[in-house]
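Residue strings, one per chain:
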Amino acid sequence: MKKVLAIILAALMLLGALSACAKSETEQPQQPEAPAANEPAEQPAEQPAEQPAADDNTAEIPTITYTNMSKEAKPNDDKVAAALSEYTSEKYGFNVRFQRTSNEQMALRFAETSGDIDDVITLQNTYFDFARTGALLDITEYVENSDVIKQNVPQELLDALYVDGKLYGIPTVKEMATGCGVVVRKADVEKYGWDLSKVKGWADLEPLLQDIVDDPDTDITIPFSGNWGVPLGDYQNVNYIVRPQSPWVTILDGENNYKVANVLETEYGKEFVTMMYDWKVKGFIPDNAYGSDWNTIYSNALANGTVGIIQWTGMPCGVQTAMEWYPNEGELVEVLFGDPVLTTYNLQVSVGAINAKTKNPDAAFRFLEMINSDTTARDFIDYGIENENYIRNADGRIELTDTDSYSRESWQVANVLIPTLRASEPADKVELYQAFNAKAQPALTYGFMPDFTAVDAENAAVNAVWKTYSEALYSGTANPADTLDMVIQEMKTAGSDKIVAEIQAQLDAWLANK
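Computed from a prediction, not measured in an experiment: that's the story for all the values here.

A. Examining the environment of A203 more closely. Along the chain, A203 turns up in the loop between α10 (186–192) and α11 (206–214). It is 9.9 Å that separates the C-alpha atoms of A203 and M276, two residues lying 73 residues apart in sequence.

See the structure below:
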């Protein structure tokens with residue numbers, strides 16, 4: 001019996017010890033004035049030297065990786081991003097990291113599922129493709145609730161980017177319309193007495209070109225120079241809808257019931273390439289025009305007088321001739337053929353979007369708002385660091401001083417009217433853009449962008465044929481009487497009729513629901 005009592009007593013003593021131990025553990029947190037020396041929760045506070053205050057603050061906010069289509073990274077990209085982050089971390093609650101890539105690499109970047117995922121991307125010409133494949137975040141509700149976007153991006157521009165009722169991107173506000181025309185030197189206008197008010201289209205240029213050719217004292221060696229890489233479209237007659245995916249596809253006007261066609265098979269297309277060949281025979285287009293470098297022409301042609309008439313690129317009058325490639329500011333005259341046209345293609349030239357895989361959608365959208373509204377942020381992104389990459393002149397304008405270590409084109413970022421004006425830009429740049437865009441007439445297919453998925457193989461084959469012959473036809477190098485029918489037949493063999501039928505079906509469906 002004594003043995004049993006001893007065992008019971010021992011058990012009770014053990015339970016008492018365990019109870020005391022448990023009580024001690026539960027009461028310990030109630031005594032913060034005497035925490036254990038090795039308490040894990042207290043470690044950061046005890047080692048401030050390893051975690052500076054600035055790092056503590058920035059580590060708590062997300063980093064937005066911003067990617068755009070630039071040819072190559074610049075040496076100061078990280079330095080500029082760090083300087084920008086000092087501003088954005090305080091005002092917007094995020095840091096910024098820069099990436100640069102190409103259209104060819106963008107699909108691979110969207111496929112990334114780990115590591116450095118791009119959060120915000122400014123796409124070029126690929127918005128609809130990526131929106132339809134689910135690569136982009138649906139920002140419809142974000143935009144509907146954003147006063148910043150509503151104040152800085154016209155609703156009619158946003159409307160054209162909806163895909164199946166959802167919005168996935170913010171178009172870059174710039175020259176939203178596509179123009180068609182030429183630039184000439186004011187000195188030549190005065191010398192030859194040209195009445196530019198009579199120039200309404202390409203055919204009206206012939207008397208001007210003839211004046212140059214007939215002048216024995218002229219220094220002009222290239223009477224006419226066009227951008228041979230794309231068709232010199234007359235937007236009063238035809239509407240190109242899908243460049244560069246299919247530069248040969250066009251839609252005729254409403255009198256033809258919005259008929260999709262190969263531009264080379266239209267009367268306008270045949271007349272145009274025939275006129276180019278005629279100009280070549282008359283000496284208006286030199287032998288070396290085919291394949292000539294467009295940037296070299298811009299840099300030197302009108303400035304040194306070697307070119308008489310050059311194709312106009314579509315920027316608002318007064319803005320184009322103030323660009324750096326035209327050193328003779330105020331000595332050039334632009335001629336626009338009719339009113340500019342607002343096209344879906346021109347909208348998707350530059351579109352800001354958010355990766356559907358972003359882990360920080362709210363911060364990513366704040367970044368989109370920022371690049372469309374905040375001048376301070378845009379000066380960092382577009383120009384770099386003040387007194388390193390640029391200076392401000394007495395008028396507060398930007399003068400670039402080091403573009404080797406950092407530079408970026410404004411149209412490759414977002415709204416071009418947000419950054420501080422550069423010294424080379426006209427003082428009324430904003431007003432010029434606004435007036436130009438206000439004159440724009442919506443294209444026949446504004447808001448429509450075909451899906452080529454069903455005809456990808458045919459599209460690649462036809463475009464290969466187009467690339468082989470188009471520059472020669474549009475520069476007058478090839479005689480259409482000898483080559484046009486052959487080119488059209490090769491395009492048909494490659495599948496052009498199937499592509500036209502597919503786009504026509506999509507267009508008819510779009511019009512029915514418009």
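Having put the structure on the table, let's press on.
B. Looking closely at the nonpolar core. Core analysis: the largest hydrophobic core is formed by 61 residues, its most contacted members being F98, Y127, L136, I139, F367 and I381. The element that contributes the greatest number of residues to this core is helix α15 (residues 361–371), accounting for seven residues. Counting residues in each nonpolar core, the second largest holds 51 residues, with L209, L264, M276 and Y474 among its members.

C. Focus on the pairing of strand β1 (residues 63–69). The buried fraction of β1 is high, at six of seven residues. Pairing of β1 with strand β2 (residues 95–101) involves seven bridges; the strand directions are parallel. Its bridge partner lying in β2, M69 is registered against T101.

D. Representation of the packing of helix α18 (residues 456–474) against helix α20 (residues 496–513) within the structure. At their nearest, the axes of α18 and α20 sit 9 Å apart, and the two run at 125° to each other. Here α18 lies oblique to α20, going by the angle between them. α20 is crossed by α18, and the crossing has left-handed handedness. Of the residues in α20, those touching α18 at E458, N459 and V462 are S496, K498 and I499.

E. Structural context of α11. The complete set of buried residues in α11 reads L208, L209 and I212. Seen from one end, α11 has its buried residues packed into an arc of 95°, which puts them on one side.

Procedures and definitions
Residues numbered from 1 in each chain as written. Predicted model: local features only at pLDDT ≥ 70, side-chain atom pairs only at ≥ 80, totals over all residues. Heavy atoms only, no water. Helix = DSSP H or I, 4+ residues; strand = E, 2+ residues; numbered from the N terminus. Core = buried A, V, L, I, M, F, W, Y, C linked by side-chain atoms within 4.5 Å. Buried < 20%, exposed > 50% of the residue type's maximum accessible area, 1.4 Å probe, protein only. Pairing = 2+ DSSP bridges. Axes fitted to C-alpha atoms, helices over the stretch in contact; angles between N-to-C directions. Parallel < 35°, antiparallel > 145°, perpendicular 65-115°, else oblique. Left-handed = near helix turned anticlockwise from the far one by under 90°. Contact = heavy atoms within 4.5 Å. Arc of directions from axis to C-beta.

Note that all results are geometric; they support no functional claim without further evidence.
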